[in-house]
Amino acid sequence: MAVAALLRRGALSSSCRHDVYIRCLLSDSDLHPLVNSANLRFWRGNHNSGKFDFTDMTHPHLWYPNAREKKRNVFLHVGPTNSGKTHNALKRLEASSSGVYCGPLRLLAREVAERLNKASVPCNLTTGQEREEIEGAKHSSVTVEMADVTTEYQCAVIDEIQMVGCRTRGCSFTRALLGLCSDELHVCGDPAVVPIVQRLLEATDDVVTFKQTVIF
Ligand SMILES: Nc1ncnc2c1ncn2[C@@H]1O[C@H](COP(=O)(O)OP(=O)(O)OP(=O)(O)O)[C@@H](O)[C@H]1O
């Protein structure tokens, strides 16, 4: 059985797992589709030893090689409620050639899909309960748990990022923040979340720009 399969099944002992490096034991075809040859070259180039410890869970930003290959432009939209943070981000999403909106609620995901479709931007809807596919759509509106971190987008939006602090759903916001593979990433939320988002993005080498909104 391939070593990758054993790893996935947790069949190797922890000391053995610790010694497993992609270069020496795993062929490219063994690996999860996320870790393709191009990504391996990236990993090797960024690890002095030329080895990557597949079982090292201490650097979550490195779990998303597709996103790490990009220098993302992250726009952090912060301001009071109803000040237009999401509105501004959605304007960018509408104008992009491909993109994804990630929100915390089915209702919000549906509202955004309807908004884009109405603006003649074909947009799929994917939540835990429903999947609506629109022919030719290059945009998707999803609940954050359904965010696809393997597809490349021009623009991505994460709404209500302060939910990163939620005990049960925060991990999905962190995953989207670190893993979405887009040239532009718009992150909307409460100003209180700025320090934690900044901290999370310190490791990613993205370019972060603040957009402060005010109630008009
Ligand atoms: N510049 C604008 N032009 C027209 N409508 C706007 C504008 N900015 C905001 N709105 C409208 O105001 C409402 C609130 O905007 P939005 O949802 O973007 O605010 P928000 O700051 O993201 O709020 P929250 O913190 O609750 O998420 C929406 O219905 C939105 O369409």
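For the chain, the name recorded in an unreviewed UniProt entry is RNA helicase, with Triticum turgidum subsp. durum as its organism. Here the chain is described in UniProt, under the heading Subcellular location (unreviewed entry), as follows: "Mitochondrion matrix". Reading the Subunit (unreviewed entry) entry of the UniProt record for the chain gives the comment "Homodimer; in free form. Component of the mitochondrial degradosome (mtEXO) complex which is a heteropentamer containing 2 copies of SUPV3L1 and 3 copies of PNPT1."

Looking now at the site of the ligand. Lining the immediate surroundings of the ligand are 10 residues, of which T81, K85, T86, H87 and E160 lie closest. Taking N82, its main chain carries an N or O atom lying 2.9 Å from an oxygen atom of the ligand. Within the backbone of H87, one N or O atom sits 2.7 Å away from an oxygen atom of the ligand. Of the residues that constitute the shell around the ligand, the class distribution is two nonpolar, six polar and two charged.

Considering all chains together, one arrives at 12 salt bridges under this definition. Across the pair R110 and E132 runs a salt bridge whose closest N-O atoms are separated by 2.7 Å. Residue R110 is located in helix α7 (residues 106–118), and its partner E132 is located in strand β4 (residues 131–132); the two are separated by 22 residues in the primary sequence. Look at R110 and you get partly exposed, because its relative accessible area is 28%. Exposure remark for E132: the relative accessible area of 36% places this residue in the partly exposed category.

Parameters and conventions
Residues numbered from 1 in each chain as written. Predicted model: local features only at pLDDT ≥ 70, side-chain atom pairs only at ≥ 80, totals over all residues. Heavy atoms only, no water. UniProt positions renumbered as here; feature names shortened; annotations may be inferred. Near = heavy atom within 4 Å. Polar contact = N/O pair within 3.5 Å; in protein donor to acceptor, adjacent residues only side chain to side chain. Nonpolar A, V, L, I, M, F, W, Y, C, P; charged D, E, K, R; others polar. Salt bridge = Lys/Arg side-chain N within 4 Å of Asp/Glu carboxyl O. Helix = DSSP H or I, 4+ residues; strand = E, 2+ residues; numbered from the N terminus. Buried < 20%, exposed > 50% of the residue type's maximum accessible area, 1.4 Å probe, protein only.

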